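Architecture at a glance
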Amino acid sequence: MESIYLFFQANIKLVYFIYGLVFFMMGFAIALQNEKKSSLILSRSFNYLAIFGIVHGISEWGHVFIPIAERHSSDAAIAAMHLIEANLIGFSFVFLLYFGVKLCVDTLELPEQILWIPKIAGFLWFSGFIAYPHLMQLPDINHWYLLADIVSRYAFAFPGSALAAYGIWLQRDDLSSLGQPSVFGHLRWTAVMFVLYAVFAGLIVPQAPFFPAKWLNIQNLFSLTGFPVAVYRATICAVIAYFVIRLTAIFNYEYRQELIETQQSYAILRERQRIRRDMHDGILQGIYAVGLSMDTAKHLTTVNPAKAADIIAKGNQRLDEINTEIRRYIMDMQSTTFGELSVKEIVLGMVEEFKDQHKLPVEVRIHDSQNEKLNSQHKEQIYFIVQELLTNIARHSKATKAAVSLVFHPQHLILEVSDNGIGLPAKKQRSGLQNIMDRAEQIGADIEIQSSKQNGTLTRLQIPYSSKNKM
């Protein structure tokens, strides 16, 4: 223990340099990542955490560079450096407090006026910092710096870290929409680290003749453990930096999702334009021509009934042809659509539309989608099966939540749709699901249905990739 103590005592400047570097790099990394536009609540506050990291890192470097500068600088210059250092430490913690308050205000939808609390507190601290030595007529300027550091940690660092931990933990619901389970682990560890930072940076302060600084201070920690408080703070900050940077990766994911949605919207717009053009040039023109011939037949009914009957017969024949063209057009359009999209995209789009219409939460679980080997006929039947199952849940199950699971194995797909409703009535179980069973049979799928009043309904299909379609 004594050797560790002596080692850190001899290399304390290196410790503070690494400590400041960790904070600075964390703030810099967050600032770069947060440039991406995001609709997430977390992104609205991240810039304040970035400012805290950069400013606090620079302030901690004062422990390294000010002692070096003392050899070549005047007393006034050294005093100015200490003044800047003390101000930077205090203001960095003000930004940490503002980060925590804003995160809670935005997440809990609290009044915006609450954001004035850290602003006013920062102004009062700065005013007191400037006025205190003049009012007290301090002969020892170091006492002034010491008190300013302690007050800023108690007033800003401790509550700021605690609120940051709480606010980050509140982001679970907002981030759940991204469908990234790993995010929750990052949130949990980031919150835990901020709680530890609240202790080591907000409560463990330089020694002072008042409670709790008289006992809970950096000198006692150093003597007891052999490690300076900067080691603990730097370690905690390094872990915070790691998990926060991992959290900022969600902005890249969100950006990719928006890009995919934009591309899909553009593709839908182009498809609608093509449909409008094809309908106008072919089907609508044919219907218009039949309408004109019917008008002609109307005028001939009294003059030449035989001719009118012949025109009407040909018009009916043409309407049958148009009806066939419409059906073929719809089938071709569906085939093209299902062929271009993956089952994952089809199901995700369908679930989003279902949630918007029925306001029923649906959890989607998709595993190993790279194994998908389904053709357009498979996709079409899966689309209608899932659609009918979700519709039945909304209409009959009285469920409060549902789930859709896709597990892509090398040779087959396991599709499961479940709910927590009242189950299926025994008499209607077969007749109500006959269409689903027929569609499952067409793609060679095995279907299993489990239903009870206590556990709801689970429909499970095993769909082979190489099944012979009977369509």
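Before going into details, it helps to say that this report is about the structure given with it. In this text, all values refer to a predicted model and were calculated from it rather than measured experimentally. (Residues numbered from 1 in each chain as written. Predicted model: local features only at pLDDT ≥ 70, side-chain atom pairs only at ≥ 80, totals over all residues. Heavy atoms only, no water.)

Right, let's talk about the environment of Val-195 for a bit. Within the secondary structure layout, Val-195 lies in helix 9 (residues 182-202). Overall, Val-195 belongs to the partly exposed group, its relative accessible area being 46%. (Helix = DSSP H or I, 4+ residues; strand = E, 2+ residues; numbered from the N terminus. Buried < 20%, exposed > 50% of the residue type's maximum accessible area, 1.4 Å probe, protein only.)

Moving on to the packing of aromatic side chains. Evaluation of the coordinates by the stated rule reveals 21 aromatic pairs. Aromatic pair Phe-46 and Phe-99: ring centres 6.4 Å apart, planes at 5°, arrangement stacked. You can see Phe-46 sitting in helix 3 (residues 41-60) and its partner Phe-99 sitting in helix 5 (residues 75-108), a full 53 residues away along the chain. Residues Phe-46 and Phe-99 agree in their burial class; the two are buried. Their ring planes at 75° and their centres at 5.0 Å tell us that Tyr-242 and Phe-243 sit as a pair that is edge-to-face. Looking at Phe-243, the relative accessible area reads 14%, which means it is buried. Cluster of aromatic residues (ring-pair linked, three or more members): Tyr-16, Tyr-19, Phe-23, Phe-52, Phe-93 and Tyr-197. (Phe/Tyr/Trp six-rings, centres within 6.5 Å; stacked < 30°, edge-to-face > 60°.)

Quick look at the sheet that holds strand 5 (residues 456-464) now. Ordered by their spatial adjacency, 5 strands build an open sheet running 1-2-3-5-4, and the pairing between neighbours is mixed. This sheet does not close on itself; its edge strands, each paired only once, are strand 1 (362-367) and strand 4 (446-452). The average angle at which neighbouring strand axes cross in this sheet is 10°, direction not considered. Pairing of strand 1 with strand 2 (residues 402-408), which is carried by 6 bridges, proceeds in the parallel orientation. Looking across to strand 2, one finds that Arg-365 is bridged to Ser-405. Strands strand 1 and strand 2 of the sheet are contacted by helix 13 (residues 343-358), whose axis makes an angle of about 175° with strand 1. Running over the sheet, helix 14 (residues 376-397) touches strand 2, strand 3 (412-419) and strand 5 and is turned about 15° from strand 3. (Pairing = 2+ DSSP bridges. Axes fitted to C-alpha atoms, helices over the stretch in contact; angles between N-to-C directions. Contact = heavy atoms within 4.5 Å.)

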